[in-house]
Amino acid sequence: MSPLAKRLPRELKNNIGKYLGIFLLMCGSVALTSGFLLAAHSITVIMDGMRDEYVIEDGRFTTAFKATAAQLDAAAAAADGAGGATIYENFSIDASLVGPAGDDGTKRTLRTYAHRTEVDIAAYCEGEVPEADDEVAIDRVFAANNGLSVGDVVELCGRAYTVCGIMTQPDSQALFQDNSSFTVSTLAYGVAEVSGSGFAALEGAGGAPAYVYSFVFHDRGLSVAERTDAEKDMVSALTDADARVQDLIDADSNQGIGYAADDVEGDSEMWVVLLEIIVAIMAFVFVVLTSSTIEEESAVIGTLLASGYRRRELVAHYLLLPTLVGMLASGLGTLLGVTVFTGPMRDLYYGSYSLPPFHVTWSWGVFAQTAVVPAAVLIVITLIGLLRKMGKTPLQFLRHETGGKKGTKRGVALPERLGFVARFRLRVFLRNLGNFATLFLGIGFASLLLLFGLAVLPTMQHFADNLKYTLVAEHHYTLKAPLELEGTDEERAQWVAVEKLQGIDGALLSAAQNAADELEDAVDAARYAAAAAQSSPTAESLKAAQDAAGRAADAQDALHKRLDAVAGALGTSRDDAIDLIEKASEVDADSDGVHPVNTTDNGAEKIAQAEKYAVYQLQYDRGEGNGEETVTVYGIQEGSSYWEGLSIGGGRAVFGAGLIDKFGWKEGDAVSLYDKYEDKTHELAYGGEGSAWGSRSNMNIYLSLDDFNELFGNDAGYFNAYASDEPLDLDALYFASETTPSDMQAVGDQFIGMMDGLIGIMVGLSVFIFVIFIYLLTKAVIDRSARSISYMKVFGYRDREVSQLYIRSITICVAVSLVVLQPLIIESLTVIFHSMLMTYSGNIEIYVPWQAIAGTIAAGFMSYLLVAALHTRSIKRVPMAEALKVQE
């Protein structure tokens, strides 16, 4: 074994603190970041494969009544232009659930399907598929939150079912009870499936089925716009075939399908930014430690060079331990990340989203990001530092002149009025000015990471709290079609008749209409035959008149039967049914220019304060692979009493301040917005400072209602929403959704709830790295002062006194650095957060409350005190013999 190789164990022992710090810093960082990113990658792979593996639908429509085979055939034929589609029955019953413990007062609903084998196929985590009519399989997240397991007996619609399986459904990855809901409900709402006979039994127990039909296009590569066009054709075909279509949802708009994937993607970007900060910190640490190592070993290096060792041999020798430590830390960190930390990271999402069974999917990209890059940074920086320093002569190494400065530095004269202790501490500071400057910058890096972790949650909370202020009224009602609040009693009665008739099977009305047409023809024929018999009374003409009259009577009987059928469906008498039909006939409900009138009179005061507006969503490309921002475009009445101060009209667009802040548009910029449903791009010009409105959370664009309708090709009087400070009673047929400030607060609370665990891990990692970082930096300062410390001991100073002289100087530097650097750190975080949160929807501006700043300073100083206690022990171990070693 060569002499250099024999030195390795001794070097490791003598510098165990330094190498242990590097190891813990790298291993901990790699373990946590690789654990999260690998879990996120694995979840993304699972979700990407679900569309084909579990045959996720391309869309769904809901009818008021079970569609006939002819109606479904018409809908399928309408999709031939897009390559064809297969339509599946996907009926469900919203069944009330009572658990094994009985009714606890909480209303729980299970949307129950018959077991599906062709579309939206469930993934089973536990148990078996239901086969008997009293077996049910329940969603995994709902079951976990309600303490249900296989073998439990529950009641659905009052009927007993045994839980035979725990599963997830691909069309309900996020448990939104309604697609218009703002929040996920995992405690009071879930999904389930039963056997075909079990579904029939549930219906027999009083469950009302929703007639939902899911469809899958034969060409799975259709764009959203192509799918949307085909879906509109399908709905038109259903309507023409007398089907009452109540709802249409494309898979891209289905929150149950796409919400989880968007969440995982945004969080992954946050961890990538965190990893970049950690790598930057590691690089700084490695630069400092490499320089420190060479200064400590300069006499040894000079001796070895003078003894004939080549520089490349010494470079290889001093590179070996950092390389081994770095590779071991990266390897062990990756192993821990895969085996230990992917589980907790997985649970962050699997606790909220109903996803198929988890399995880790290896990613070389994640491995390179989290393990290879930090190890490479350590090796490359150490190598560069060694090569740069090895250019010195052996004599320069022996004289400790490795800093590149020649000659003796002249001391700075200090004021005599200062006491010895103060002057000594100041002298320590001045002689180690480079080291303290390094410590100053290092604390800046470490505090940046710590404040990053502490500021994430307040920033998200601030964003969540501000969401409610984006609403200008207490109630925002979105409509499926324009609905007028104003109208006469006669008009309301007419639209009541229309809605009642739309609530029954359209085939009954079509049959009644056909019977009425046949009666009219028969009556006309009877009149003609009677007139002919009267003008020329022959046996044949009289017989023809008699037969025509009989056919008219038969037609009248047939009409009465059809009307009786309509009356039966309406639950009323024939005369009332006729009255409804007559009133409805006075309304041209199929005309685009005619708007329905709300059947409930909300009163003059409520109607007067309500304001019409229009709303539509477009997509803006964030650029640099950051995905698309959903931008809501509003059409507002000029002089609006709700959107005050908006200067709109004449083609002028006003942009939310959040959009301007996030994307940095300048005056005159043309903003391209894509309509994915129509496959069109619209351009709106930003007019500068006067064209911004609202808070920095406002991500909307405002046009006048006339400009809005012109932009999107709507009829002149089109609108699809109301703003109102008073609650309105709107017809369910046209009502789409209601948004209130409390709804937006719930969205924010859900957002925080889902990120709370994630942010907790980030804070823990930040504090861990901060402690290690401060330890390594301050250790470098102490090690460089080892000779001076030994001199103090030779002069009779006790260990406690020496500690006060040296540790106090470092303490002052740390305290000042922690306070002075905060403004610079906040500015840096502003840039980092802007980049990190670019992939999130909305403009999440950084918010650093004084508590977070105080927490950073306090946590930093407490961490330092812990480190200082360790350094006090190090000072005790500095031998007096160090002072007797020959310097030159």
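Preceding this section is the structure that the text describes.
Presented here is an overview of the structure given in this document. (Residues numbered from 1 in each chain as written. Predicted model: local features only at pLDDT ≥ 70, side-chain atom pairs only at ≥ 80, totals over all residues. Heavy atoms only, no water.)

### Focus: the overall build of the protein chain
(1) Moving on: Summing up its helical and strand segments, the protein chain has 25 helices and 21 strands in all.
(2) Moving on: Its C-alpha atoms put the protein chain at 150 × 65 × 50 Å along the principal axes.
(3) Moving on: A buried classification covers 49% of the 888 residues belonging to the protein chain.
(4) Moving on: Considering only contacts within the protein chain whose residues lie at least 6 apart along the sequence, 83% involve residues at least 24 apart.
(5) Moving on: When the accessible area of the protein chain is evaluated, it comes to approximately 40200 Å², of which 54% is carbon and sulfur surface.
(6) Moving on: Positive and negative side-chain charges of the protein chain, numbering 66 and 113 respectively, have mean locations separated by a distance of 26 Å. (Helix = DSSP H or I, 4+ residues; strand = E, 2+ residues; numbered from the N terminus. Buried < 20%, exposed > 50% of the residue type's maximum accessible area, 1.4 Å probe, protein only. Contact = heavy atoms within 4.5 Å. Areas by Shrake-Rupley, 256 points an atom, 1.4 Å probe, with all protein chains shown as cover. Lys, Arg positive; Asp, Glu negative; His and termini not counted. Charge placed at Lys NZ, Arg CZ, Asp CG, Glu CD.)

### Quick notes on the packing of aromatic side chains
(1) Moving on: Going through the model one piece at a time under the given rule, you end up with 26 aromatic pairs.
(2) Moving on: Relative to Tyr-349, the ring of Phe-36 lies with its centre 6.2 Å away and its plane at 50°, an arrangement referred to as tilted. One end of the pair, Phe-36, is in helix H2 (residues 16-53); the other, Tyr-349, is in helix H9 (residues 311-350), with 313 residues separating them in the sequence.
(3) Moving on: Relative accessible area serves as the criterion here: at 1%, Phe-36 is assigned to the buried category.
(4) Moving on: Members of the aromatic cluster, each reached through a chain of ring pairs, are Phe-61, Phe-91, Tyr-211, Tyr-213, Phe-215 and Phe-217.
(5) Moving on: Directly above the ring of Tyr-161 sits Arg-159, whose terminal nitrogen or CZ lies 5.0 Å from the centroid. (Phe/Tyr/Trp six-rings, centres within 6.5 Å; stacked < 30°, edge-to-face > 60°. Lys NZ or Arg CZ within 6 Å of the ring centre and 35° of its normal.)

### Regarding the packing of helix H16 (residues 539-570) against helix H17 (residues 574-585)
(1) Moving on: Running from N to C, H16 and H17 point in directions that differ by 90°, and their axes come no closer than 8 Å. As summarised for this structure, H16 and H17 are arranged roughly perpendicular, according to the angle between their axes. Touching His-560, Leu-563, Asp-564, Val-566, Ala-567 and Leu-570 of H16 are Arg-574, Ala-577, Ile-578, Leu-580 and Ile-581, all from H17.
(2) Moving on: Class assignment for the residues of the contact of H16 with H17 results in 8 nonpolar, 1 polar and 2 charged. (Axes fitted to C-alpha atoms, helices over the stretch in contact; angles between N-to-C directions. Parallel < 35°, antiparallel > 145°, perpendicular 65-115°, else oblique. Nonpolar A, V, L, I, M, F, W, Y, C, P; charged D, E, K, R; others polar.)

### Observations concerning the nonpolar core
(1) Moving on: Among the nonpolar cores identified, the biggest contains 111 residues, and Ile-22, Met-270, Phe-286, Phe-452, Leu-829 and Phe-833 are the most heavily contacted of them.
(2) Moving on: Looking at which element gives the most residues to this core, the answer is helix H7 (residues 255-296), with 20 residues.
(3) Moving on: Non-local contacts of Leu-829, meaning those with residues more than four positions away in its chain, are made with Leu-448, Leu-451, Phe-452 and Ile-846.
(4) Moving on: Core analysis: the next-biggest nonpolar cluster, separate from the first, contains 35 residues, Leu-110, Phe-142, Val-163 and Val-194 among them. (Core = buried A, V, L, I, M, F, W, Y, C linked by side-chain atoms within 4.5 Å.)

### Here's the deal with helix H8 (residues 298-306)
(1) Moving on: What H8 keeps buried is the set Ser-298, Ile-301, Gly-302, Leu-304 and Leu-305. Down the axis of H8, the sector holding all buried residues measures 165°, keeping them to one side.
(2) Moving on: Looking one or two places after H8, you find Gly-308, whose phi comes out positive at around 110°. (Arc of directions from axis to C-beta.)

### Overview of unusual backbone geometry
In most cases, non-glycine residues show a negative phi, while peptide bonds are predominantly trans.
(1) Moving on: For Asp-242, which is not glycine, the phi dihedral falls at a positive 70°.
(2) Moving on: Looking at where Asp-242 falls in the secondary structure, it is placed in the loop between helix H6 (224-240) and strand S11 (245-250).
(3) Moving on: Overall, the relative accessible area of 28% leaves Asp-242 in the partly exposed class.
(4) Moving on: Even without being glycine, Asp-679 reaches a positive phi, approximately 55°.
(5) Moving on: Residue class for Asp-679 comes out partly exposed when judged on its relative accessible area of 48%.

### With respect to a nonpolar patch on the surface
(1) Moving on: On the surface, Leu-12, Ile-16, Leu-20, Leu-24 and Phe-768 cluster together to form a nonpolar patch covering roughly 390 Å² of accessible area.
(2) Moving on: The element best represented in the nonpolar patch is H2, accounting for 3 residues.
(3) Moving on: Its place among the elements puts Leu-20 in helix H2. (Patch = residues over 30% accessible without salt bridge, like charges linked within 9 Å, V, L, I, M, F, W, Y side chains within 5 Å. Salt bridge = Lys/Arg side-chain N within 4 Å of Asp/Glu carboxyl O.)

### Considering H6
(1) Moving on: For H6, spanning 17 residues, the distance from its first C-alpha to its last is 24 Å, which sits close to the expected 24 Å at 1.5 Å a residue.
(2) Moving on: Inspection of H6 places Val-224, Ala-225, Arg-227, Thr-228, Ala-230, Glu-231, Met-234, Val-235, Ala-237 and Leu-238 among the buried residues, and these make up the whole buried set.
(3) Moving on: Along its buried surface, H6 packs onto H2, strand S1 (59-63), helix H3 (69-78), strand S2 (85-89), strand S10 (209-217) and S11.
(4) Moving on: Positive backbone phi, at 70°, marks Asp-242, one or two positions downstream of H6. (Expected span 1.5 Å × (residues − 1).)

### Section: the packing of helix H15 (residues 506-535) against H16
(1) Moving on: Where H15 contacts H16, the axes come no closer than 8 Å and their chain directions differ by 160°. Between H15 and H16, the angle is such that the two are roughly antiparallel. The chirality of how H15 crosses H16 is left-handed.
(2) Moving on: Here the residues of the contact of H15 with H16 sort into 27 nonpolar, 2 polar and 3 charged. (Left-handed = near helix turned anticlockwise from the far one by under 90°.)

### So, the pairing of strand S13 (residues 611-621)
(1) Moving on: Pairing of S13 with strand S20 (residues 721-724), which is carried by 3 bridges, proceeds in the antiparallel orientation. Bridging across to S20, Tyr-613 finds its partner in Ala-721.
(2) Moving on: With 9 bridges connecting them, S13 and strand S14 (residues 628-636) associate as antiparallel partners. Opposite Gln-617, over in S14, you have Thr-632 as the bridge partner.
(3) Moving on: Counted along the chain from S13 to the antiparallel partner S14, the turn is 6 residues long, and its residue Gly-623 has a positive phi close to 85°. (Pairing = 2+ DSSP bridges.)

### Structural notes on the side chain of Ser-541
(1) Moving on: By secondary structure assignment, the location of Ser-541 is in helix H16.
(2) Moving on: A relative accessible area of 13% places Ser-541 in the buried class.
(3) Moving on: A distance of 2.9 Å separates a polar side-chain atom of Ser-541 from the backbone nitrogen of Thr-538.
(4) Moving on: Beyond its immediate chain neighbours, meaning those up to four positions away, Ser-541 contacts Ala-529, Ala-532, Ala-533 and Ser-536. (Polar contact = N/O pair within 3.5 Å; in protein donor to acceptor, adjacent residues only side chain to side chain.)

### Remarks on the environment of Ile-774
(1) Moving on: Position of Ile-774 relative to the elements: it lies in helix H21 (residues 741-784).
(2) Moving on: Sequence-wise, Ile-774 and Ile-648 are 126 residues apart; in three dimensions their C-alpha atoms are separated by 56 Å.
(3) Moving on: Not counting residues up to four positions away in its chain, the partners in contact with Ile-774 are Ile-443, Tyr-864 and Val-867.

### Concerning the side chain of Gln-619
(1) Moving on: Note that Gln-619 resides in strand S13.
(2) Moving on: A residue is classified by how much of its surface remains accessible, and Gln-619, at 7% relative accessible area, is buried.
(3) Moving on: Within polar-contact distance, the side chain of Gln-619 engages the side chain of Thr-630 at 3.2 Å.
(4) Moving on: Setting aside chain neighbours within four positions, we find Gln-619 in contact with Glu-628, Glu-629, Thr-630, Ser-672, Leu-673, Tyr-674 and Lys-676.

### Here's the deal with the pattern of salt bridges
(1) Moving on: Scanning the entire structure with this criterion turns up 22 salt bridges.
(2) Moving on: Asp-94 is the salt-bridge partner of Arg-111, the closest N and O atoms lying 2.7 Å from each other. Of this pair, Arg-111 sits in strand S4 (residues 108-114) while Asp-94 sits in strand S3 (residues 92-98); the two residues are 17 residues apart in sequence, bridging distant segments of the chain.
(3) Moving on: Judged by relative accessible area, Arg-111 falls into the buried class, the value being 16%.
(4) Moving on: The exposure class of Asp-94 is partly exposed, given its relative accessible area of 39%.
(5) Moving on: With a closest N to O distance of 2.9 Å, Lys-543 and Asp-547 form a salt bridge.

### Regarding a negative patch on the surface
(1) Moving on: A surface patch of like charges, here negative, comprises Asp-219, Glu-226, Asp-229, Asp-233 and Asp-679.
(2) Moving on: Tracing the sequence through the fold places Asp-219 in the loop between S10 and H6.
(3) Moving on: According to the relative accessible area criterion, Asp-219 is partly exposed, its value standing at 39%.

### Here's the deal with the environment of Asp-521
(1) Moving on: In this fold, Asp-521 is placed in helix H15.
(2) Moving on: A C-alpha to C-alpha distance of 9.9 Å links Asp-521 and Arg-551, two positions 30 residues apart in sequence.

### Some remarks on the environment of Met-26
(1) Moving on: Checked against the element boundaries, Met-26 lands in helix H2.
(2) Moving on: Residue Met-26 is classed as buried on the basis of its relative accessible area of 0%.
(3) Moving on: Non-local contacts of Met-26, meaning those with residues more than four positions away in its chain, are made with Met-282, Phe-286, Gly-326, Ala-329, Ser-330, Pro-374, Ala-375 and Leu-378.

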